[in-house]
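# Residue-level structural notes
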Amino acid sequence: MNYLQYLAAILAVAPSVILAAPSSAQADGSPYAGVEPHVNKGYATKLEETIAYFNEQNDTLNAARTRTVQKIPTFAWVSNSAAISELKPLISDALAVQSRTGKKQIVQVVVYNLPDRDCSAKASDGEFHIVDDGLNKYKGFIDNIVAELSTEDADKLQFSLILEPDSLGNLITNMSVEKCAKAADAYREATSYAIAKLQRSNFALYLDAAHGGWLGWAANLEPSAKVFAEVLKGAQSINPSAKARGLAINVSNYNQYQAPVRENFTEWNDSWDEYHYLNNLIPHLEAAGFPAHFIVDQGRSGKAGIRTSWGQWCNIKNAGFGTRPTADQAVLNNENVDAIVWVKPGGESDGTSDVNAVRYDANCGSPVAHVPAPESGEWFNDYVVNLVKNAEPPLSPTYV
């Protein structure tokens, strides 16, 4: 049964299902207001290698700047079944911080494990495949995440959840790619299932909406909004009270929130930075009935002028850490934006530059890519060294 048949069958027995408006708590204020985003201790531990490198170079300033990065909140990624076990210690650590400081913690998590994941590229292919019952395995994966986030301890925290980076965007622009065309129904059904199940009062759920250089083109805005609304409606066919807070944009990418200068390669795209993208998308979301709230990844977006085309995405050379996570409207300057966040942990590779690797993607060996690079998700210390050096604004040092 394909996705449309699946949806029609459910709607036939639940004809009153419509796109529900968000609850008042979700609609009236940002989930980032009045809370403290949790600092991921696992990421901070990885940065010890970077600090050691700088100390070996007698570069005490950048070692101290890396210590500052250790205190910046980032998302934890659940990108395979084994990573689910990391949620319990993450929750325990957040509770300890909350108890010690008296500041309500919002724990930030990316769910990233669709069957036939990353269908338009090779670097991040995942553990589930449609031909091997991947859709049902993914549903079990989601059920296990829900169980870990539904404990008595988890209920004491807030959660910001991003669903499946680089997924729904493929349904807009990459249906000519055979793998994406074959995966489209599974992507829709799996995403709807995840939305339907990840519903608790302390969850804020954001679907991934790629970035301005992908979905921000004028011809892509309306179709994108319709796809987001359709998968939410599919979720409401399973769970009539299902809702989403909004969209996450620029995840793992390099676009700036408000670019100081328009780059030449953006000439024909009105969504030339993420601020323009979200403003261009808002009216289409409102027309489609999808909540127009955003979080914007700026983890590696500090430097402009490091690419020559939108399609360059892998381990871009000379990138720097970007605007620090904040929910301050003095910085955001847009009531539709809940927060600037750091989703991609800077220093985790986008993909390998080894041309003989099964998951090698040509983007990871391009002239603008930092090489040599390890497999996607593996620690890339040479890269994070440059993120520290090229941070914009520059990182303040933390000396010990």
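Residues numbered from 1 in each chain as written. Predicted model: local features only at pLDDT ≥ 70, side-chain atom pairs only at ≥ 80, totals over all residues. Heavy atoms only, no water.

From N to C terminus, the chain includes 13 helices and eight strands. If one aligns the C-alpha atoms of the chain with their principal axes, the spans along those axes are about 70 × 50 × 40 Å. The proportion of buried residues among the 400 residues of the chain is 57%. With an accessible surface of roughly 16100 Å², the chain has 51% of that area assigned to carbon and sulfur atoms. One finds the centroid of the 32 positive side-chain charges in the chain at a distance of 3 Å from the centroid of its 45 negative side-chain charges. (Helix = DSSP H or I, 4+ residues; strand = E, 2+ residues; numbered from the N terminus. Buried < 20%, exposed > 50% of the residue type's maximum accessible area, 1.4 Å probe, protein only. Areas by Shrake-Rupley, 256 points an atom, 1.4 Å probe, with all protein chains shown as cover. Lys, Arg positive; Asp, Glu negative; His and termini not counted. Charge placed at Lys NZ, Arg CZ, Asp CG, Glu CD.)

Here we come to the UniProt feature "binding site: substrate" (unreviewed entry) in the chain. Taken from the UniProt record, the annotation "binding site: substrate" (unreviewed entry) applies to Trp77, His211, Trp214, Asn253, Trp313, Lys344 and Glu348. Summarising the element assignment, Trp214 is placed in helix 9 (residues 212-215). Among the residues examined, Trp214 registers a relative accessible area of 15% and is labelled buried. The residues touching Trp214, leaving out its near neighbours within four places in the chain, are Asp166, Gly169, Asn170, Thr173, Asn174 and Asn220. Apart from residues lying up to four places away in sequence, Lys344 is in contact with Trp77, Ser252, Asp297, Arg300, Ser349 and Asp350. (UniProt positions renumbered as here; feature names shortened; annotations may be inferred. Contact = heavy atoms within 4.5 Å.)

Further remarks concern unusual backbone geometry. That bond from Val371 to Pro372 is cis: its omega, 0 degrees, falls within 30 degrees of zero. Secondary-structure assignment places Pro372 in the loop between strand 8 (337-341) and helix 13 (381-389). At the junction of Glu392 and Pro393, the peptide bond is cis and its omega measures out at 0 degrees in the coordinates. Residue position: Pro393 is located in the segment after helix 13. Its identity is not glycine, yet Asp118 carries a phi of approximately 60 degrees, on the positive side. Assignment of secondary structure puts Asp118 in the loop between strand 3 (105-111) and helix 6 (134-148). Residue classification places Asp118 among the buried residues on the basis of a relative accessible area of 7%. Even without being glycine, Glu164 reaches a positive phi, approximately 55 degrees. Relative to the elements of secondary structure, Glu164 occurs in the loop between strand 4 (158-163) and helix 7 (168-173).

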